[in-house]
Amino acid sequence: MDKRAESVEIRSASKAYGAVRALDDVSLNVGAGEFVSLLGPSGSGKTTLLGILGGFILPSSGTILFGGRDVTWMPPHKRDIGVVFQNYALFPHMSVGENVAFPLRARRLPKASWPDKVRAALSMVGLAGYEERGIAQLSGGQRQRVALARAMIFEPRLILMDEPLSALDKQLRESMQIELRALHRRIGATIIYVTHDQREALTMSDRVAVMKDGRLIQIDEPERLHDHPADSFVASFIGEATMLPVRRVDAASVALGNALLRSARAIPDGDALMLAVHSEKLLIDDGAQDAACNRLTGTVTDIVYQGESLRIFLALADGIALSLRQPSYHQAYSRIPALGGSLTVTLHPEDTIVVPRVGD
Ligand code: ADP
Ligand code: MG
């Protein structure tokens, strides 16, 4: 398939259902060929925004442009988009091949052209030779692949996906995420992907748009979002962070209880500040770390074995609790004291993240 992609521009889109503001003045530009995820908790407006892009939901106000053309009032079938939902929405009485060919039938493409296109679409999702199978004979993962093949068969310039992997088990979901990444690189279409799973969004996306209560809170590349959250909502939603109230001391430091922590980032103004401590950024102090690091000492209250890593819970003075992770290789154990023992951890000023506190 040739690489064709559509840019998407959302200008001040809102949607009200009576008193509920499902979408509240969202503006967002997605570049041609970009993979952007809409990430947020249930009810944050993700499906509403995707529905507006697909033409299934009409906005109360705002404008949608594809490649600079106003499509706000254009019906779905004229938008040339591929759509994949969580519940595959396959036709159970049709074979795999018939399901995948359906968009070609709907578009009245000559029948002679179907078999080649079906074959190409199925092989793209790893289901070469499955044309004659019945839908009932497929696993959940295979059904989702059929839905993908069907969405891609007419080589759409834009693909919309709403939680397409959430019905699959963890292992399959994670391997499909890697496949979708590779598929996106191959086909080059613009993809807008809805998920409530932050790890899924970080894994696949060029950029992630975090939504809450119908509003767009932050859109950034995965690393940027994780390490430079805009506020305490984003910081607690992305990654594994302990959120602790801190007091601003000056532009480069905050007080956490009685401890003074230095940050290499500008500390925001205001009284309501939170420190976001990512568990992977706390290191056991073995004397090798930078002298500039912040140091925190506490008592080990629990050690949880979680397979690839150990999660260690620490109680600091002033009733402050923290957790850190250690990869579970052999020597890690010798560095962790027994329960009740004392442990000092370091937090680099570059990793000392202070954000404004917002209500959740
Ligand atoms: P998400 O996909 O992030 O879970 P939705 O976009 O489905 O969120 O919903 C956003 C908000 O709009 C929710 O509060 C939801 O209850 C409300 N909502 C969505 N669709 C309708 C509808 N058809 N009628 C009334 N309220 C709706
Ligand atoms: Mg939804």
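These numbers come from a predicted model, not from an experiment.

### Some words on unusual backbone geometry
(1) Moving on: Even without being glycine, Asp-80 reaches a positive phi, approximately 60°.
(2) Moving on: Turning to its location among the elements, Asp-80 is positioned in the loop between strand 5 (69-70) and strand 6 (81-85).
(3) Moving on: The phi dihedral of Glu-163 is positive, around 45°, even though this residue is not glycine.
(4) Moving on: Mapped onto the secondary structure, Glu-163 falls in the loop between strand 7 (158-162) and helix 5 (170-187).

### Things to note about the environment of Leu-343
(1) Moving on: Take Leu-343: it is sitting in strand 19 (residues 342-347).
(2) Moving on: A relative accessible area of 4% places Leu-343 in the buried class.
(3) Moving on: Between the C-alpha atom of Leu-343 and that of Pro-327, which follows or precedes it by 16 residues, the distance is 17 Å.

### With respect to the packing of aromatic side chains
For any pair of aromatic rings, geometry is given as the distance between the ring centres together with the angle between the planes.
(1) Moving on: In total, this model carries 4 aromatic pairs according to the counting rule given.
(2) Moving on: Residue placement shows Arg-107 over the ring face of Phe-154; its charged tip is 3.6 Å from the ring centre.
(3) Moving on: Positioned over the ring face of Phe-233 is Lys-212, at 5.0 Å from the centre of the ring.

### Observations regarding the nonpolar core
Here is a general trend for soluble globular proteins: nonpolar side chains tend to be buried in one another's company.
(1) Moving on: Counting 37 residues, the largest nonpolar core has Val-96, Val-100, Met-161, Leu-180 and Tyr-193 as the members making the most contacts within it.
(2) Moving on: Within the residue set of this core, elements represented by two or more residues are helix 2 (96-106), helix 3 (114-124), helix 4 (140-152), strand 7, helix 5 and strand 8 (190-195).
(3) Moving on: The biggest single contributor to this core is helix 4, with 6 residues.
(4) Moving on: When near neighbours in sequence (up to four residues on either side) are disregarded, Met-161 contacts Leu-50, Val-84, Leu-148, Leu-180, Ile-191, Ile-192, Tyr-193 and Val-194.
(5) Moving on: Formed by 25 residues, the second largest nonpolar core is a distinct cluster that contains Ile-284, Leu-322, Leu-324 and Val-345.

### A few points about the packing of helix 2 against helix 4
(1) Moving on: Close contact between helix 2 and helix 4 brings their axes to 7 Å; oriented N to C, the two are set at 30°. Of the possible angle classes, the one that applies to helix 2 and helix 4 is roughly parallel. Both helix 2 and helix 4 take part in a crossing whose hand is right-handed. Contact residues: helix 2 offers Val-96, Asn-99, Val-100, Phe-102 and Pro-103, while helix 4 offers Val-146, Ala-149 and Arg-150.
(2) Moving on: Residues that form the contact of helix 2 with helix 4 fall into these classes: 6 nonpolar, 1 polar and 1 charged.

### So, helix 2
Think of an α-helix as 3.6 residues a turn; residues three or four steps apart then line up on the same face.
(1) Moving on: Among all positions in helix 2, only Val-96, Gly-97, Asn-99, Val-100, Ala-101, Pro-103 and Leu-104 are buried.
(2) Moving on: Of the surrounding elements, those touching the buried residues of helix 2 are helix 3 and helix 4.
(3) Moving on: A positive backbone phi angle near 55° is found at Arg-108, which sits one or two residues after helix 2.

### Considering helix 5
(1) Moving on: Between its first and last C-alpha atoms helix 5 spans 25 Å; for 18 residues at 1.5 Å apiece the expected length is 26 Å, and the two agree.
(2) Moving on: Residues Met-176, Gln-177, Leu-180, Leu-183, His-184 and Ile-187 constitute the buried set of helix 5. Considered in projection along helix 5, the buried side chains sweep an arc of 135° and stay on one side of the axis. Within helix 5, the exposed residues directed more than 90 degrees away from the buried face are Gln-171 and Arg-185.
(3) Moving on: Elements that come into contact with the buried residues of helix 5 comprise strand 3 (35-39), helix 3, helix 4, strand 7, strand 8 and helix 6 (198-204).

### Section: the sheet that holds strand 1 (residues 8-17)
(1) Moving on: Spatial ordering of the open sheet is given by 2-1-4-5, a layout of 4 strands whose pairing is antiparallel. Among the strands making up the open sheet, the edge pair consists of strand 2 (20-30) and strand 5.
(2) Moving on: Pairing geometry for strand 1 and strand 2, over 7 bridges, is antiparallel. By the bridge assignment for strand 2, Tyr-17 is matched with Val-20.

Cut-off values and rules
Residues numbered from 1 in each chain as written. Chains lettered and ligands numbered in written order. Predicted model: local features only at pLDDT ≥ 70, side-chain atom pairs only at ≥ 80, totals over all residues. Heavy atoms only, no water. Helix = DSSP H or I, 4+ residues; strand = E, 2+ residues; numbered from the N terminus. Buried < 20%, exposed > 50% of the residue type's maximum accessible area, 1.4 Å probe, protein only. Phe/Tyr/Trp six-rings, centres within 6.5 Å; stacked < 30°, edge-to-face > 60°. Lys NZ or Arg CZ within 6 Å of the ring centre and 35° of its normal. Core = buried A, V, L, I, M, F, W, Y, C linked by side-chain atoms within 4.5 Å. Contact = heavy atoms within 4.5 Å. Axes fitted to C-alpha atoms, helices over the stretch in contact; angles between N-to-C directions. Parallel < 35°, antiparallel > 145°, perpendicular 65-115°, else oblique. Left-handed = near helix turned anticlockwise from the far one by under 90°. Nonpolar A, V, L, I, M, F, W, Y, C, P; charged D, E, K, R; others polar. Expected span 1.5 Å × (residues − 1). Arc of directions from axis to C-beta. Pairing = 2+ DSSP bridges.

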